[in-house]
Amino acid sequence: MPNLYTDLEIPQLEISLKQPLGLFINNEFCPSSDGKTIETVNPATGEPITSFQAANEEDVDKAVKAARAAFDNVWSKTSSEQRGIYLSNLLKLIEEEEDTLAALETLDSGKPFHSNAKQDLAQIMELTRYYAGAVDKFNMGETIPLSFDKFAYTLKVPFGVVAQIVPWNYPLAMACRKLQGALAAGNTVIIKPAENTSLSLLYFATLIKKAGFPPGVVNVVPGYGSVVGKALGTHMDIDKISFTGSTKVGGSVLEASGQSNLKDITLECGGKSPALVFEDADLDKAIKWVANGIFFNSGQICTANSRVYVQSSIYDKFVEKFKETSKKEWDFGGKFDPFDKDCVVGPVISSTQYDRIKGFIELGKKEEKLSMFQTSEFPVDGAKGYFIPPTIFTDVPETSKLLRDEIFGPVVVVSKFENYNDALKLANDTYYGLASAVFTRDIKKAHMFARDIKAGTVWINQTNQEEAKVPFGGFKMSGIGRESGDTGVDNYLQIKSVHVDLSLDK
Ligand code: NAD
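Named according to an unreviewed UniProt entry, the protein chain is Ald3 originating from Saccharomyces paradoxus. Its UniProt record, at the heading Sequence similarities (unreviewed entry), says of the protein chain: "Belongs to the aldehyde dehydrogenase family."

Asker: Mind showing me how you'd approach the sheet that holds strand S17 (residues 391-394) here?
Answerer: In sheet architecture, strand pairing relies on hydrogen bonds along the backbone and comes in two forms, parallel and antiparallel. What the 7 strands build is an open sheet, ordered S16-S17-S18-S15-S14-S20-S21; its pairing is mixed. Each edge of the open sheet carries a strand with a single partner, namely strand S16 (371-374) and strand S21 (457-460). Across the sheet, the mean angle separating the axes of adjacent strands is 20 degrees when strand polarity is ignored. Pairing of strand S15 (residues 307-311) with strand S18 (residues 411-417), which is carried by 5 bridges, proceeds in the parallel orientation. When the bridges of S18 are listed, Gln311 appears paired with Phe417. Across the sheet, helix H11 (residues 351-367) touches S16, S17 and S18, and the angle it forms with S17 is around 30 degrees.

Asker: Can you help me understand the packing of aromatic side chains in this one?
Answerer: Applying the stated criterion across every chain, the model contains 20 aromatic pairs. One aromatic cluster is present, formed by Phe295, Phe318, Phe322 and Trp330 through successive ring pairs. Between the NZ or CZ atom of Lys240 and the centre of the ring of Tyr492, over which it lies, the distance is 5.3 Å.

Asker: Sorry, what's going on with the packing of helix H5 (residues 171-184) against helix H6 (residues 199-210) here?
Answerer: Geometry of a packed helix pair, given as the angle between the helix axes and the separation of the axes. One can describe the packing of H5 onto H6 by two numbers: an axis separation of 10 Å at closest approach and a directional angle of 40 degrees. With respect to each other, H5 and H6 are oriented oblique. In the crossing of H5 with H6, the sense of the turn from one axis to the other is right-handed. Touching Pro171, Leu172, Ala175, Cys176, Leu179 and Gln180 of H5 are Ser200, Leu201, Phe204 and Ile208, all from H6. Tallied by class, residues from the contact of H5 with H6 come to 8 nonpolar, 2 polar and no charged.

Asker: Would you explain the site of the ligand in this entry?
Answerer: As a structural note, the neighbourhood of the ligand is formed by 29 residues, with Val166, Glu195, Ser246, Cys269 and Glu406 the closest of them. For the ligand, an oxygen atom lies 2.6 Å from a polar atom in the side chain of Glu406. Against a free-state accessible area of 850 Å², the protein chains account for coverage of 88% of the ligand. If you list the elements that add at least two residues to the shell around the ligand, you get H5, helix H7 (225-234), strand S12 (240-244) and helix H8 (247-259). In terms of residue class, the shell around the ligand is built from 15 nonpolar, 8 polar and 6 charged.

Asker: Mind showing me how you'd approach the domain arrangement of the protein chain here?
Answerer: It is common to give the size of an interface as the accessible area lost on bringing the parts into contact. Taken domain by domain, the protein chain consists of domain 1 (56-269 + 480-495) and domain 2 (274-468). Relative to domain 2, the C-alpha centre of domain 1 lies at a distance of 31 Å. Of the residues lining the interface, 28 residues belong to domain 1; the matching set on domain 2 comes to 24 residues. One can count 1 salt bridge joining domain 1 with domain 2. Of the charged contacts, one joins Arg177 and Glu466 as a salt bridge, the two residues approaching to 2.7 Å between their closest N and O atoms. The interface formed by domain 1 and domain 2 holds 9 residue pairs in polar contact (both at pLDDT 80 or more) in total.

Asker: Can you walk me through the side chain of Thr325 in this structure?
Answerer: The topology assignment puts Thr325 in helix H10 (residues 315-329). Each residue touching Thr325, except ones within four places of it in the same chain, is listed here: Ile287 and Trp330.

Asker: Any chance you could explain the sheet that holds strand S24 (residues 493-501) here in plain terms?
Answerer: The 3 strands lie next to each other as S7-S8-S24, forming an open sheet whose pairing is antiparallel. Looking at which strands have only one partner, the edges of the open sheet turn out to be strand S7 (143-145) and S24. Across the sheet, the mean angle separating the axes of adjacent strands is 20 degrees when strand polarity is ignored. Relative to S24, strand S8 (residues 150-158) runs antiparallel, the two being bridged by 9 bridges. Residue pairing for S24: Thr154 is matched across the bridge by Ser497.

Asker: Explain the UniProt feature "active site" (unreviewed entry) in the protein chain here, please?
Answerer: The sites that carry the UniProt feature "active site" (unreviewed entry) are, in the present numbering, Glu268. Assignment of secondary structure puts Glu268 in strand S13 (residues 264-268). The exposure class assigned to Glu268 is buried, which follows from its relative accessible area of 2%. Apart from the residues within four sequence positions on either side, Glu268 is in contact with Lys178, Phe243, Thr244, Gly245, Phe472, Gly473, Gly474, Ser478, Gly481, Arg482 and Glu483.

Asker: Where do I start with the nonpolar core in this structure?
Answerer: With 135 residues, the main nonpolar core has Phe204, Phe213, Val277, Phe318 and Phe322 as its most contacted residues. The leading source of residues in this core is helix H4 (residues 113-134), at 10 residues. Each of domain 1 (56-269 + 480-495) and domain 2 (274-468) contributes no fewer than three residues to this core. Cys30, Ile190, Ile241 and Ile265 belong to the second-largest nonpolar core, a separate cluster that totals 24 residues.

What counts, and where the lines are drawn
Residues numbered from 1 in each chain as written. Predicted model: local features only at pLDDT ≥ 70, side-chain atom pairs only at ≥ 80, totals over all residues. Heavy atoms only, no water. UniProt positions renumbered as here; feature names shortened; annotations may be inferred. Pairing = 2+ DSSP bridges. Helix = DSSP H or I, 4+ residues; strand = E, 2+ residues; numbered from the N terminus. Axes fitted to C-alpha atoms, helices over the stretch in contact; angles between N-to-C directions. Contact = heavy atoms within 4.5 Å. Phe/Tyr/Trp six-rings, centres within 6.5 Å; stacked < 30°, edge-to-face > 60°. Lys NZ or Arg CZ within 6 Å of the ring centre and 35° of its normal. Parallel < 35°, antiparallel > 145°, perpendicular 65-115°, else oblique. Left-handed = near helix turned anticlockwise from the far one by under 90°. Nonpolar A, V, L, I, M, F, W, Y, C, P; charged D, E, K, R; others polar. Near = heavy atom within 4 Å. Polar contact = N/O pair within 3.5 Å; in protein donor to acceptor, adjacent residues only side chain to side chain. Areas by Shrake-Rupley, 256 points an atom, 1.4 Å probe, with all protein chains shown as cover. Domains from an automatic or database assignment. Salt bridge = Lys/Arg side-chain N within 4 Å of Asp/Glu carboxyl O. Buried < 20%, exposed > 50% of the residue type's maximum accessible area, 1.4 Å probe, protein only. Core = buried A, V, L, I, M, F, W, Y, C linked by side-chain atoms within 4.5 Å.

Following this line, the structure appears as structure tokens:
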């Protein structure tokens, strides 16, 4: 029997924990059917942390059977009030284990503990609180009078068995955004974490059990995307799939649905979000937000403002101050331990991502011969892990690959515009449509931009502020459907129409 738990120590925080390593099916940790495992690495050091069980098609099928039985026999008959009680229990457990969960995120994904991982936990608690309180208020149907003798009504019913696939940049926060929404709506779930950040969700599974959720309601199947993700996408007994990750893989999940049972689908995919800074903006404030919007989480944010357009009259001043602020607030400062309280920029997730981002930086520097600023020398001196300094390219033409492709790292391109129409055209010139930001003191211009931009989210004089109550999702190739808020729960419900004929009684 393989090891299904290991002891982990996080000496910087004096935390020790019992880390589960198995698949979580029917409220039990179990080995994968072929005994395969995946090694997970600490991106801050490049050293292995541990290995966990990797599921395969057979294990996915077992998890689907567990979720189906739980839905049919228990969960579909559980009142929404009771579901709210389970979610409230879960919230209490998350509050108790906040530091442990945040520490696991830091260890496995490299997020700075104090300035970043703890924020993820705050967001997770906020959304769990929101769904726990709202669970019995989402599912109201309507009554539709038709004639003297006839009327119809609608029921909002859960899909049944829902599969969820999440990426590595917000391992637990992204999982919880999906999980709590689907559970609040009354579905059972099979969830797959990313292969390089599975530890926090496996630990979280222990809280699911403690909170009292019946066996089979939540199942966690860690493993490779090409195996587990594909098996979930093509499974004939999954009613809905919700995916967050790259646009390319999102497309293959959509295809898998089409080739199997037309399961309903939500896709949260990539982005190349613009931030516009007008000459009448509060410049210092705009710079702080823009720097935060691209360098927080080492730029590994789907909504990162990776394209910045600045009005030509303030362009030079903006660039100078942006570099100054980035150096002052987003430098490593010699801190390469994400548990250090002064560490604000962590490593990127893996050697693969490191090489990919480095490739973009070299392309910009050497082939495209762009003007570049970095907050410190690169490659970084004194760091063992995958550290890349915040990098700013200026005067970047629209044709640049750096301006068109999602880099998903701490790399930003800055360009200028002349007027509103010019700015809008540049901002909309992308296949993506996830998010956008505008900085101006002119309320009319701000709301014109909100009207005209083709993106699912618009931030006015701020960036990257996500709220549990507010729907989130993308236009164009950034996705299909919405998560969070009432709309997010609606995404996990389907409508049944019931026609009533009273004339039969006459
Ligand atoms: P990815 O698409 O490579 O992987 C995402 C998940 O899909 C992982 O769990 C992976 O194992 C799985 N997967 C891989 N191949 C699969 C397949 N064939 N079938 C089903 N699942 C498969 O993305 P990533 O590199 O983990 O994350 C970065 C990407 O995610 C970026 O493009 C980013 O913009 C996007 N993202 C989007 C949002 C959003 O809400 N819109 C949020 C975070 C990240």
